[in-house]
Amino acid sequence: MLHKRIHIKVFLLAAFSFLSVSLFAEATIAEGKSLFKANCAQCHAKDMKSKLTGPALGGVEERWSDYPREDLYSWVRNSQKMISEGHPRAVELWNEWTPTVMNNFPNLTDEQIDGMLLYINDAYVNGGKKKGGDGEVVVGTDKSDDGSNSMFYVFLLAILGLLAVILARIVSNLNHMADEKEGKAVGRRATLVEQLLSPKVIGFVLFALILIGGYTTVNNAIDLGRQQGYAPEQPIKFSHVTHAGIQKIDCQYCHDGARRSKHSVIPATNTCMNCHTAVKVGSKYGTGELTKIYASAGWNPNTGKYFEDNVSYEAKEEEYKKWIKENFVAAKPEASDKSIDAEVTNQWNAIAGHLGKPIEWTKIHNLPDHAYFNHAQHVAVGKVECQTCHGPVEEMEVVQQYAPLSMGWCINCHRQTNVQFADNPYYDSYEAYHDQLKDVKSGRTGVTVEEIGGLECQKCHY
Ligand code: HEC
Ligand code: HEC
Ligand code: HEC
Ligand code: HEC
Ligand code: HEC
Ligand code: HEC
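Note that this is a predicted model, so its numbers are computed, not measured. (Residues numbered from 1 in each chain as written. Chains lettered and ligands numbered in written order. Predicted model: local features only at pLDDT ≥ 70, side-chain atom pairs only at ≥ 80, totals over all residues. Heavy atoms only, no water.)

*Asks:* Would you explain the overall build of the protein chain in this entry?
*Replies:* If you tally the helices and strands in the protein chain, you get 22 helices and two strands. The buried share among the 462 residues of the protein chain stands at 32%. As presented, the protein chain carries roughly 28,500 Å² of accessible surface, and 60% of it is formed by carbon and sulfur atoms. (Helix = DSSP H or I, 4+ residues; strand = E, 2+ residues; numbered from the N terminus. Buried < 20%, exposed > 50% of the residue type's maximum accessible area, 1.4 Å probe, protein only. Areas by Shrake-Rupley, 256 points an atom, 1.4 Å probe, with all protein chains shown as cover.)

Now the structure itself:
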C-alpha cells in the first residue's frame, strides 16, 4: 500500500545529482591535469608509463598503499624531509634516483594532490592509448583527450531522462490507483504532456540547463585562445637541437631581448649571418634551408659578398641557382642532368619567396592583449631559467608551446617561487620581511612573489 505520494521531482533530482557528480569528477581530473602540467610534467612523463627526469607515476597509489595517504601528500610537499626522516618508500625512491631531487610543493592542498592523482590514474589507465607512446611529441592543441567523454554523458543523460519520465508515469499511476482505492475524491488524471509541462518540471529543467550550460561555457571560454603544445611549421627548418643543444649556443645569444626588455625577440637574419657566412652548406638539407637565409639577407654565397642595390632579380636568380647546382653536383657526382635540373628548380622555388624579405617566423606564444608579461623581470631580476617556462627547448627539433600560459599557471608560480630578495636593493623597503629572515624563530626562509604583490590584478592586467 502506498501511503506517501512519490514525486516526479525525486527522480529528476536523482538523475541530476548523478550527472553533477560525474561532471564534478571530470572537473577535478581536469584541474589535476592542469596542475600536473604546470608543476610536474617537466620531470614526470605525461603518459605515466615512461621515465623522464623522474619516475613514471602510473600506479603510484599502489606503491604507497602500505602507508597512510598523508605520507603521499607530504612526499609531494617536501620529499627530502621524508627521505631524511627515513620513511621506507622515500628512502627506496631516493636510492634509485639519487642525486636527482624532486621539487617541493609546500602550497599544494590535499585536494589538489588528490586531483593530480586522479588525473595520473586516468592518464595511466585511459590516456596511454590515445596519445603517442614514449616521449613522442604531441603536436596540436592537445584538447582531444578532454572532450572524449562528453558524448557518453549526453547519452547517459538522455537515458536517465527517459527513465525518469517512465518511472514518474508509473508512480503517478500507482498514486492515482491508491487514491481511488482509499476512496478519495479524484479528479481527472493529468496526462503525460500536462505533467511534463507543469511549472515545476519546466522550472527544474531550465535550472538544470542553465547549470550545465554555464559549466560548459566557462570551461570552453577558459581554453579559448590557449594553445599548449602548439608547434607550427616554420618557413626555415631551424633546429634548436642543432643550435642550442649540439652547438651549445646560449639562448640569449639569439634571444637577447629576454634579459633587457619585455620581449625575448626572434633573432634578425643578421644574427644568423654571423655564423652562416662561414657555415654555408648544412649536413641535413645541403643548400636547401641555408640559402633561404642568404636570399633574405641579399647575400651571394658564391662571392661571399652582399649584392649591390642595382643587381636585377634575374641576375640574383642565376647566382643562387649556380650555388645550388655546384653544391648538389659536388655531393652527388653520379646525378643525371635531368635530376640536377629538377633539384635546382625545386630548391629555387622554395627559396625565391624569401628574396629581399625578412623571414616571417610564425609566433608560437601569444598572450592575450589584456595580460602584461615582461621577460626581463623574470630572467634578469627573478633569475628564472628559460626552461622553467619553455621546457627543454634545446631538445626540440620544432619548438612547441610547453606551458599553458594560463592565468592559473602564472599565479601558481608566483605563490610558490621566492624572489631574489637579499641581493635586490629594490626590496630594501620590505623591512618586516628582512627582520623575519634574520630571525630564525620566525620560520621564514624566503619571500614569495605573492608576498611582494605578485597576485595583484593590475600587475598583470592593463
Ligand atoms: C625536478 C623534477 C621533478 C618535479 C618537478 C616533480 N618531480 Fe616527482 N619525482 C622526481 C624524482 C627525481 C623522483 C624520484 C625520487 C627522488 O629522487 O627524489 C620523484 C618521485 C615522485 C613520486 C614518487 C613515485 C613513486 O613511484 O613512489 C611522486 C608521487 C611524485 N614524484 C609526484 C610528483 C608530483 C605530483 C609533482 C608535481 C606537483 C612532481 N612529482 C614534480 C622529480 C620531480
Ligand atoms: C641560433 C639562434 C637561436 C638560439 C641559440 C636559440 N633560439 Fe630560440 N628561436 C630561434 C629562432 C630563429 C626561432 C623562431 C623559429 C622557431 O620557432 O623555431 C626561435 C624560437 C624560440 C621560441 C618560440 C618563440 C615563439 O614564437 O613564441 C622559444 C620559446 C625559444 N626560441 C626559446 C629558446 C631557448 C630557451 C633557447 C636556449 C635553450 C633558444 N631559444 C636558443 C633562434 C634561436
Ligand atoms: C616566467 C616564464 C618565462 C621565462 C622564465 C621565459 N619566458 Fe619566454 N615567454 C614567456 C611567455 C609568457 C611568453 C609569451 C609572451 C607574449 O605573448 O607576450 C614568452 C615568449 C617568448 C618568446 C616569443 C617572443 C616574445 O617575446 O613574445 C621567445 C623567443 C621566448 N619567450 C624566449 C625565452 C628565452 C630565450 C628565455 C630565457 C632567457 C625565456 N623566454 C624565459 C614566459 C617565459
Ligand atoms: C653561433 C653560430 C650560429 C648561428 C648564430 C646560427 N647558426 Fe645555424 N648552424 C650553425 C651550425 C654550426 C650548424 C650546423 C651545420 C651542420 O653541420 O649542419 C647550423 C645549422 C643550421 C641549419 C641546418 C642546415 C642543415 O642542412 O642541416 C639551419 C637551417 C640553420 N643553421 C639556420 C639558422 C638560422 C635561421 C639562424 C638564425 C636565426 C642560425 N642558423 C644561426 C651555427 C649557427
Ligand atoms: C616559473 C615561475 C613564474 C611564472 C610561470 C610566472 N612568473 Fe611572474 N614572476 C616570477 C618571479 C620569480 C617574479 C619576481 C621577479 C622580481 O623579483 O621582481 C615574478 C614577477 C612578476 C611580475 C612583477 C610583480 C611585482 O610585484 O613586481 C609580473 C607583473 C609577473 N611576474 C607577471 C607574470 C605573468 C603575466 C605570468 C604568466 C604569463 C607570469 N608572471 C608567470 C615567476 C614566475
Ligand atoms: C600573475 C599575473 C596575473 C595576475 C596577478 C592576474 N592575472 Fe588575470 N590573467 C593573467 C593571464 C596571463 C591571463 C590570460 C590567460 C589566458 O589567455 O588564458 C589572464 C586572464 C584573465 C581574465 C580573462 C579570463 C581568462 O581566464 O582568460 C580575467 C577576467 C582576469 N584575468 C582577471 C583577473 C583578476 C580579477 C585578477 C586579480 C584578482 C587577475 N586577473 C590577476 C594573468 C594574471
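*Asks:* Explanation requested: the confidence of the model for the protein chain in the structure shown.
*Replies:* Low pLDDT marks stretches whose predicted atomic positions should not be read closely. Scored by pLDDT, the protein chain comes out at a mean of 84, with 86% of its residues at no less than 70. For the stretch residues 128-148, pLDDT sits under 50, and the model shows 29 contacts to residues farther than four places along the chain or on other chains. (pLDDT = per-residue confidence, 0-100. Contact = heavy atoms within 4.5 Å.)

*Asks:* Would you mind going over the packing of aromatic side chains with me for this structure?
*Replies:* For any pair of aromatic rings, geometry is given as the distance between the ring centres together with the angle between the planes. Taken as a whole and assessed by the stated rule, the structure comprises 14 aromatic pairs. On the numbers, 5.4 Å between centres and 75° between planes, the contact of Tyr 426 with Tyr 427 is edge-to-face. Residue Tyr 427 is classed as buried on the basis of its relative accessible area of 5%. Pairing Tyr 430 with Tyr 433 gives two aromatic rings, centres 5.8 Å apart and planes at 10°, and the pair type is stacked. Here the aromatic cluster, defined as three or more aromatic residues joined through ring pairs, consists of Phe 421, Tyr 426, Tyr 427, Tyr 430 and Tyr 433. (Phe/Tyr/Trp six-rings, centres within 6.5 Å; stacked < 30°, edge-to-face > 60°.)

*Asks:* I tried to follow helix α15 (residues 290-297) on my own but got confused; where do I start?
*Replies:* Each α-helix winds once per 3.6 residues, and so residues spaced three or four apart point in a common direction. Of all eight residues making up α15, seven are buried, and the element is well covered by its neighbours. Residues Leu 290, Thr 291, Lys 292, Ile 293, Tyr 294, Ala 295 and Ser 296 constitute the buried set of α15. The inward-facing, buried residues of α15 contact α14 (269-276), β1 (299-300), α16 (313-331) and α17 (337-352). A positive backbone phi angle near 75° is found at Gly 298, which sits one or two residues after α15.

*Asks:* Explain the site of ligand 3 here, please?
*Replies:* In the vicinity of ligand 3 there are 22 residues, among which Ser 264, His 375, Cys 386, Cys 389 and His 390 approach most closely. Measuring from an oxygen atom of ligand 3, one finds a backbone N or O atom of Leu 367 at 2.9 Å. Taking His 375, its side chain carries an N or O atom lying 2.9 Å from a nitrogen atom of ligand 3. Contributing elements (two or more residues each) for the shell around ligand 3: α12 (251-254), α18 (375-381) and α19 (386-390). Residues belonging to the shell around ligand 3 are distributed by class as follows: 11 nonpolar, nine polar and two charged. (Near = heavy atom within 4 Å. Polar contact = N/O pair within 3.5 Å; in protein donor to acceptor, adjacent residues only side chain to side chain. Nonpolar A, V, L, I, M, F, W, Y, C, P; charged D, E, K, R; others polar.)

*Asks:* Honestly, unusual backbone geometry in this entry has me stumped. Any pointers?
*Replies:* Phi angles above zero are rare outside glycine, and Met 48 is one such case at about 65°. Here Val 265, not a glycine, exhibits a phi torsion of approximately 70°, which is positive.

*Asks:* In this structure, what is going on with the coordination of the iron atom of ligand 4? I would like to understand it.
*Replies:* Where a metal carries four tetrahedral donors, each ideal angle is 109.5 degrees; where it carries six octahedral donors, the ideal angles are 90 or 180 degrees. Bound to the iron atom of ligand 4 on the protein side are His 243 (NE2) and His 276 (NE2), at distances that span 1.9 to 2.0 Å. For the iron atom of ligand 4, the six donor atoms are set out with angles of 86 to 179° between them, so the coordination reads as octahedral. Here the residue His 243 occupies a position in helix α11 (residues 240-246), and His 276 occupies one in helix α14, the gap between them amounting to 33 residues. On the accessibility criterion, His 276 (12% relative accessible area) is buried. (Donors = N, O, S within 2.8 Å, 3.2 Å for Na, K, Ca; no water. Tetrahedral: all angles 85-135°; square planar, octahedral: opposite > 155°, others 65-115°.)

*Asks:* What exactly am I supposed to notice about the coordination of the iron atom of ligand 6 here?
*Replies:* At the metal site, the iron atom of ligand 6 is ligated by Met 407 (SD) and His 461 (NE2), and these contacts range over 1.9 to 2.1 Å. Considering all six donor atoms around the iron atom of ligand 6, angles at the metal cover 87 to 179° and the coordination shape is octahedral. Of this pair, Met 407 sits in helix α20 (residues 407-416) while His 461 sits in the segment after α22 (457-460), placing them 54 residues apart in sequence. What makes His 461 partly exposed here is its relative accessible area of 28%.

*Asks:* Just checking my understanding: could you explain a nonpolar patch on the surface for this structure?
*Replies:* Taken together, Leu 162, Leu 163, Ile 166, Leu 167, Ile 170, Leu 174 and Met 177 make up a surface patch of nonpolar side chains, about 640 Å² in accessible area. You can see Leu 163 is positioned in helix α8 (residues 150-181). Residue classification places Leu 163 among the partly exposed positions, given a relative accessible area of 45%. (Patch = residues over 30% accessible without salt bridge, like charges linked within 9 Å, V, L, I, M, F, W, Y side chains within 5 Å. Salt bridge = Lys/Arg side-chain N within 4 Å of Asp/Glu carboxyl O.)

*Asks:* How should I be thinking about the side chain of Gln 401 in this particular structure?
*Replies:* By the secondary structure assignment, Gln 401 is in the loop between α19 and α20. Relative accessible area serves as the criterion here: at 2%, Gln 401 is assigned to the buried category. Beyond its immediate stretch of four places on either side in the chain, Gln 401 contacts Gln 227, Gln 228, Gly 229, Tyr 230, Ile 364 and His 365.

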